[in-house]
Amino acid sequence: MKNDGFQNFWIKSTHNQYLKRFKLKASIKGKYRLSSVSLSLLSVQQWLEEVFGNTLIAATPNVSAPIHLPETIVGLRNLSTGISKLPPGRRGWPLIGDSFGWYNAVASSHPPRFVEDQVKRFGRIFSSSVFGRLAVVSADPTFNRFIMQNEGKLFQSSYPKSFRDLVGKNGVITAQGEQQRKLHGMAVNIMRFERIKFDFLKDIQEVMLHTLNFHDGQVILLEDTCRKVAIHLMVKQLLGVSDESEINEMAQLFSDFVDGCLSVPIKLPGFAYRVAMQAREIIINKINRTIEKVRQRPMSEVGNGMLGRLVEDESLPDDAIGDFIINLLFAGNETTTKTMLFAVYYLTQSPMALKQLMEEQDSLQGTSNKGMLTWEDYKNMPFTQCVIDETLRLGGIAIWLMREAKEEIAYQDYIIPKGCFVVPFLSAVHLDESFHKDAHKFDPWRWLDPENQETRNWRTSPFYAPFGGGSRFCPGAELAHLQIALFLHYFVTGYRWRQLKEDRMSFFPSARLVNGFQICITRRTDEVSINE
Ligand code: HEM
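Small disclaimer: the values here were computed from a predicted structure and weren't measured.

Engineer: Any chance you could explain the sheet that holds strand β8 (residues 219–221) here in plain terms?
Structural biologist: What holds strands together in a sheet is hydrogen bonding between their backbones, with the strands either parallel or antiparallel. Strand order in the open sheet made by the 3 strands is β8-β16-β13, with antiparallel pairing throughout. What marks the edges here is a single partner per strand, and that holds for β8 and β13 (495–499). Adjacent strand axes in the sheet meet at a mean angle of 40°, parallel and antiparallel pairs treated alike. When β13 meets strand β16 (residues 518–523), the two strands line up antiparallel, connected through 5 bridges. Residue Arg-496 lies in a different strand from β16, and its bridge partner there is Thr-522. Where helix α10 (residues 222–239) meets the sheet, it contacts β8 and β16, and its direction lies at approximately 65° from that of β8.

Below you can see the structure in the form of structure tokens.
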């Protein structure tokens with residue numbers, strides 16, 4: 001069998017078999033050392049490794065191919081025993097895996113359709129290669145809950161290194177174990193119900209009145225408007241800044257930062273990732289200066305901003321506060337922006353729902369000063385809440401979660417290898433006809449049905465989890481609901497609109513409408529019906 005330090009083997013990789021990772025790695029090395037296209041393929045591999053922070057796995061489905069392996073790495077006697085049972089699936093081409101399939105899926109208006117196709121062939125839990133990493137994907141509500149509930153024990157979140165560098169290692173999103181739990185607890189505390197009620201209600205409305213200010217006939221891209229609203233909310237809520245020019249400056253920095261988080265991580269000048277890195281540095285410097293200022297002020301003058309409260313609490317060292325704030329910014333900004341945008345998009349397509357929502361909002365009387373809504377008003381918007389819940393179900397803002405197996409995990413008949421990427425595909429469950437009747441229809445009324453109340457509970461329901469679950473459950477969920485409801489209030493009571501350009505959803509690099517939802521705005525005067 002010996003031949004120049006290499007041995008010839010037939011490695012079989014079928015849907016149900018997974019060749020242990022080091023062997024595949026060895027096979028890649030062996031293979032490309034003998035390949036005439038080695039250099040270009042290797043550089044692609046290195047680039048992807050940088051992007052995804054992991055070694056790529058090449059497995060050729062349903063093919064038996066001769067692969068040359070360096071004798072020293074192989075340990076071939078283990079080959080027959082080192083095969084474990086992965087969920088069935090399709091892993092695409094060597095090296096690139098099923099990246100094109102996944103890219104096409106997320107760039108389409110409806111990524112779960114791709115998952116649906118796999119589910120039909122392989123079942124609700126299947127294996128794949130997601131952007132070059134061997135992955136187990138789940139469209140199974142029970143398994144999704146299992147993954148989320150076992151965060152930190154069997155699974156942990158998994159992000160590319162470039163993303164971790166940008167959001168910072170001290171932030172709740174990238175932190176693991178004890179540190180994650182501590183930071184998560186702080187985020188929950190800072191956005192807890194009573195605080196939202198007293199601290200945020202007025203601030204949010206001030207931002208709405210300031211940013212939703214259009215003249216008759218104005219043409220806008222609603223996506224830009226929603227982004228502006230969300231960024232202003234963040235600046236105000238996180239930093240407690242109220243000076244106009246400072247808000248604008250921070251809004252620009254925040255916007256650059258968020259764009260970079262969602263871009264390809266090219267560190268060259270002019271690229272969004274580099275701009276975001278620079279924005280990050282300036283934001284952190286500003287936060288540090290603000291911390292100094294807060295410390296010099298008497299307690300009573302510490303503002304409403306979360307930063308002020310964090311300094312007051314004294315439970316985080318200064319150098320961790322910046323990362324903490326930046327994490328909240330990332331987690332809350334894009335999600336809120338897109339939910340506001342998609343809600344208006346769906347309402348535009350559903351005149352009945354829009355009419356009912358407008359009637360509900362028109363009927364609310366701001367009882368406090370300057371016509372602002374009170375907490376009681378907010379609690380009196382049942383249909384608006386249904387619209388938000390339905391937008392989150394159908395729009396799929398956080399379509400999937402990114403996890404990694406911390407150890408080899410046995411689930412049902414399957415073995416999930418340690419290090420394997422694990423993807424609870426939330427929106428595949430949200431759009432599954434077996435769990436939601438007419439799942440592809442925008443039907444906010446479904447949430448009024450008494451039979452659906454258990455399903456609707458986004459804290460516990462396996463069938464509806466727009467805010468995730470387990471120890472990473474979104475600490476901003478209540479705040480997000482409040483912000484979106486108030487946005488809808490000020491938008492529909494102040495304006496009517498006409499869509500000017502066809503649009504469709506895409507989910508790459510993040511959830512969006514490809515044309516930004518171009519609309520022409522008309523100020524509402526005293527009419528009450530949009531169907532006049
Ligand atoms: C409609 C809007 C929102 C949606 C759909 C949403 C969705 C989610 C989801 C699905 C997760 C779980 C991520 C995971 O398990 O990996 C999450 C986590 C998180 N969200 Fe939200 N979110 C929204 C708004 C917000 C807001 C407004 C904030 C705060 C300003 C926020 C802060 C966070 C944080 C800090 C985490 C990380 C928690 C952790 O890893 O421990 N979110 N969100």
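Next, the rest of the story.
Engineer: Which parts of the structure should I look at to understand the nonpolar core?
Structural biologist: Inside soluble globular proteins, nonpolar side chains tend to come together where they are buried. Of all hydrophobic cores here, the largest spans 131 residues; its most connected members are Phe-254 and Val-422. Tallying contributions element by element places helix α14 (residues 318–349) first for this core, with 15 residues. For Phe-254, the residues in contact, after removing those within four places along its chain, are Ile-231, Met-234, Val-235, Leu-329 and Asn-333.

Engineer: Would you take a moment to explain the environment of Phe-200 for this structure?
Structural biologist: With respect to the secondary-structure elements, Phe-200 resides in helix α9 (residues 193–211). Each C-alpha atom, one on Phe-200 and one on Lys-338, is 20 Å from the other, the two residues being 138 residues apart in sequence. Those residues in contact with Phe-200, other than ones at most four positions away along the chain, are Gln-237, Leu-479 and Leu-482.

So, how was this worked out
- Residues numbered from 1 in each chain as written.
- Predicted model: local features only at pLDDT ≥ 70, side-chain atom pairs only at ≥ 80, totals over all residues.
- Pairing = 2+ DSSP bridges.
- Helix = DSSP H or I, 4+ residues; strand = E, 2+ residues; numbered from the N terminus.
- Axes fitted to C-alpha atoms, helices over the stretch in contact; angles between N-to-C directions.
- Contact = placed C-beta atoms within 7 Å.
- Core = buried A, V, L, I, M, F, W, Y, C linked by C-beta atoms within 7 Å.
- Buried ≥ 20, exposed ≤ 12 C-beta atoms within 10 Å, placed from the backbone.

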